[in-house]
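Per-entry structural report
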Amino acid sequence: MVGVSIPPVPQRSAPEAPAPVPRRGWLRRNALALGALAVVLPIAATTIGSNEWATANAYLPFAPIDVAEGDSVELYDTEFGPARLREPTASEEIAAAEAPAGARAVVLEFDVGAGDAALSCSVTLREAEGERRAWLPTGSRSACPYDDESSLPFTASAAFLLPSDASGPFIADVEVSNMGGEPVPLPPFIRFAID
Amino acid sequence: MSLSPRRAHAAAWAGGIVLVAAAWGVMAITPGDEFADQPFVVDAQIGEHAQARQMQITMLEVQKATHVENEHGWYADGAWVLVAFEGEARGTEDGSSLSRLRLRIGDREYLPSERVGSRAHPDGQLRVGLPETMTAAFEIDPDDAEKRAVLDLGHLKDDRLDSAIRLDIDLAALDAVDSAKVPDRRWSE
Amino acid sequence: MNDAKPAAAETDAATRRTPASWMRVAAKAVPAKWVTVAGLTLFLGATAAFGGLADAPAAAEKPLARLEPGDVHGTGQLEVSFTRAVLIDELPGSGTTPLFEGGERVLVVTGTLHNATDAPLPSLSFARGQLVVDGLPEKRPDGGAVEASTARLDDATLHPVIQPGLSVEVAFTWPVPADLLHADDELHVTIADLTWFDPSWLSDQPGYWTTPAVPAAELDLVIEDVGAGVEEEQAG
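Quick caveat, the model's predicted, so the values are computed rather than measured.

Criteria and cut-off values
Residues numbered from 1 in each chain as written. Chains lettered and ligands numbered in written order. Predicted model: local features only at pLDDT ≥ 70, side-chain atom pairs only at ≥ 80, totals over all residues. Helix = DSSP H or I, 4+ residues; strand = E, 2+ residues; numbered from the N terminus. Buried ≥ 20, exposed ≤ 12 C-beta atoms within 10 Å, placed from the backbone. Contact = placed C-beta atoms within 7 Å. Pairing = 2+ DSSP bridges. Axes fitted to C-alpha atoms, helices over the stretch in contact; angles between N-to-C directions. Nonpolar A, V, L, I, M, F, W, Y, C, P; charged D, E, K, R; others polar. pLDDT = per-residue confidence, 0-100. Core = buried A, V, L, I, M, F, W, Y, C linked by C-beta atoms within 7 Å. Expected span 1.5 Å × (residues − 1).

Thoughts on the overall build of chain C
- Looking only at helices and strands, chain C features four helices and eleven strands.
- Relative to its full complement of 236 residues, chain C shows a buried share of 25%.
- Partitioning the intrachain contacts of chain C with sequence separation of at least 6 by distance along the chain shows that 71% fall at a separation of at least 24.

Pasting the structure below:
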């Protein structure tokens, strides 16, 4: 029994916990990827966001073409303006029931110059300050002819019934669609300042 | 701790069944898809303003009648419910028309009667700053005249994700009058 | 060797003991092709058993229910009954204005509509979509379409809406050439029904009334000719 030595069974100690990888090492190893992310993420957000907003805005007019009082503007090769408010003539008496006490009827008018496109315009009268309330015409909302460009030039008009506490200054928003030509992706609308 | 193989087997089955039951329970209490589309209900009270998204309605009076007349010589007998209210647009007139005006009794839905004539029928565009008083006249099945009803008003026929003004009416608590008038739509004083 | 025998004996015992293990052995022995053919045959046999392999039937013409004046027919939405057919020179307030120069008169069919649903129903949709009167021309002398119009008999309201649970007596009117129909002729009227389709247990979609309407009932009315008109018809 002398010559043989049985080597001691090696102690099964708990496996050594791996040394914690230092943070700096991970960052450094992934620096390139992280850098790419920092560039790509904002681009993706902007692209997707602007895509969605463009779609939403295509259905809602949001870009006003501001026109100062008394001025006119050209859109679709046609001149719009100037716009003004006036009293209704006898033949324009508001079709609704007799106007209530304290209300006043006004007629929005603006000139539409000669052009080569059939147009349709939808008008809204809005307070420029304060609560910025908005009114629709008492009659049809469409103030321009939509069938024939030979009707140009003419004067578009729309009658409104306003409460007595609406005293201006006003803005008239006119959404114009070009019936005959190319559709405009972000429909602008004309904002006339009045009073 | 370790279980005997049979115990572990049983425990696995039990655990599985408990999880399936819990899943069923979660599904049972989860609201359906239409829950996300519910309208925002505004409870109206007689005499108070009820504010919806772009309109303000003030309920004035609810009447039950067995005979109704309008201002132009028309009359009718039957079971009628008249709701007088004042309506005004707030902020903008665009999107402030009253297209949904219905009386719900149980599963049934009644619409204002067109028999009262075009000048008395409550309809259409509400105006900013210019409140109008109008009356909705509902001709109902006499069998429904003693039940609870809900008047539902709003801008569009589809009330998903929009404001809905609701007025609870207990028809049994109202006494039917022998004759009621349906006035024309008019501007409020 | 000593070890092999008990193992073999054990296997034999095991296979003989349970049907499950016999199935396992048998399954391995049967060719896969036989299994698929057998399965397919069983499936087709079951389908044939409940008629799934028969020809799709052509849309069978259901015989129309024959009604007498006054009989009530349910269309699924409305319960309708008809009483009279009358020829009259004109009926103001009915919604039908005859062209005298074109030689037109007004055909009036009176009936009662009862709304059996939970929502208001326009009488005009029924009149124009589900009521067919035989023999009427397509067009009027001025080119307009010959279409039905409805009006209440009690207060002459035009195109009445029938509220749920209520019954209304209605006059259905059409403009007709004066020489087309005569007193004592038989007017053949066909009523078509709509079917309610409810896919709610399959999907979230709400139910709806299917179109086109399916003819379901017919009746003959003897036409009366009242000439220039009877005073009490001009209500309201």
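Points about the overall build of chain A
- Secondary structure assignment for chain A yields two helices and nine strands.
- Secondary structure elements in chain A, listed N-terminal to C-terminal, are α-α-β-β-β-β-β-β-β-β-β.
- Every one of the 195 residues in chain A was classed for burial, and the buried ones make up 21%.
- Intrachain contacts of chain A at a sequence separation of at least 6 include 71% that bridge at least 24 residues.

Quick word on the sheet that holds strand S3 (residues 78-86) of chain A
Residues and elements named next belong to chain A.
- Strand order in the open sheet formed by four strands is S2-S3-S4-S7, and the pairing between neighbours is antiparallel. A single partner strand is all that each edge strand has here, and the edge strands are strand S2 (73-75) and strand S7 (154-163). Taking the axes of each pair of neighbouring strands and ignoring which way they run, one obtains an average angle of 30° across the sheet.
- One ladder, built from five bridges, connects S3 with strand S4 (residues 103-112); its direction is antiparallel. What sits directly across from Arg 84, in S4, is Glu 109.

Things to note about the interface of chain B and chain C
- With 15 residues of chain B at the contact, the number on the chain C side is eleven residues.
- With three residues, strand S7 (residues 108-110) of chain B is the single largest residue contributor to the side of chain B that touches chain C.
- By residue class, the composition of the side of chain B that touches chain C is five nonpolar, no polar and ten charged.

As for the interface of chain B and chain A
- With twelve residues of chain B in contact, the opposing surface of chain A contributes twelve residues.
- Grouping the amino acids of the side of chain B that touches chain A by side-chain chemistry returns three nonpolar, four polar and five charged.

Regarding the sheet that holds strand S11 (residues 163-170) of chain B
Residues and elements named next belong to chain B.
- Reading across from one edge, S1-S11-S10-S6-S7 is the order of the five strands in this open sheet, with mixed pairing throughout. At either end of the open sheet lies a strand with only one pairing partner, and these are strand S1 (40-43) and S7. Adjacent strand axes in the sheet meet at a mean angle of 30° when their direction is disregarded.
- Bridge count for strand S6 (residues 100-105) against strand S10 (residues 148-154) is six bridges, and the pairing is antiparallel. Counted as the bridge partner of Arg 102 is Asp 152 from S10.

So, the environment of Ser94(C)
- With respect to the helices and strands, Ser94(C) occurs in the loop between strand S3 (78-88) and strand S4 (104-115).
- Residues Ser94(C) and Thr157(C), spaced 63 residues apart in sequence, show a C-alpha to C-alpha distance of 8.3 Å.

A closer look at the confidence of the model for chain C
All names here are of chain C.
- When pLDDT is averaged across chain C, the result is 84; 84% of the residues are at 70 or more.
- Confidence over residues 232-236 falls short of pLDDT 50; this stretch has eleven contacts with residues more than four positions distant or in other chains.
- Interface confidence for the predicted complex, given as ipTM, is 0.83, next to a pTM of 0.74.

Brief notes about the nonpolar core
- Counting 72 residues, the largest nonpolar core has Phe160(A), Ala172(A), Trp80(B), Leu82(B) and Val83(B) as its most contacted members.
- Top element by residues in this core is strand S4 (residues 75-89) of chain B. It accounts for nine residues.
- Counting 34 residues, the second largest nonpolar core, distinct from the first, contains Phe126(C), Leu131(C), Val170(C) and Ala171(C).

Brief notes about the pairing of strand S7 (residues 149-152) of chain C
Residue and element names in this part refer to chain C.
- The alternating pattern of S7 places Ser 149 and Ala 151 on one face and Thr 150 and Arg 152 on the opposite face, and all of these are buried.
- One ladder, built from four bridges, connects S7 with strand S9 (residues 167-177); its direction is antiparallel. Its bridge partner lying in S9, Arg 152 is registered against Val 170.

Regarding the confidence of the model for chain A
- On average, chain A scores 76 in pLDDT, and the residues at 70 or more come to 69%.
- Of all the helices and strands in chain A, strand S9 (residues 188-194) of chain A carries the lowest mean pLDDT, 71, while strand S6 (residues 134-135) of chain A carries the highest, 90.

A look at unusual backbone geometry
- The backbone phi angle of Leu161(B) is positive, close to 55°, even though this residue is not glycine.
- At Ala156(C), a position not held by glycine, the phi torsion is positive, near 60°.
- Topologically, Ala156(C) is positioned in the loop between S7 and strand S8 (161-162).
- We classify Ala156(C) as buried; it has 20 C-beta atoms within 10 Å.

Examining the environment of Phe197(C)
Residue and element names in this part refer to chain C.
- Residue position: Phe 197 is located in strand S10 (residues 186-197).
- You can call Phe 197 exposed: it has 10 C-beta atoms within 10 Å.
- With 176 residues separating them in the primary sequence, Phe 197 and Ser 21 have C-alpha atoms 52 Å apart.
- Excluding residues within four positions of it along the chain, Phe 197 makes contact with Gly 207, Tyr 208 and Thr 210.

Considering helix H1 (residues 5-29) of chain B
- Between the first and last C-alpha of H1(B) there are 36 Å, a value that for 25 residues agrees with the 36 Å anticipated at 1.5 Å per step.
- Little of H1(B) sits inside the fold, with zero of its 25 residues counted as buried.

Considerations on the environment of Pro42(A)
- As for its position among the elements, Pro42(A) is in helix H2 (residues 31-59).
- Each C-alpha atom of the pair Pro42(A) and Arg132(A) lies 36 Å from the other, and the pair is 90 residues apart in sequence.

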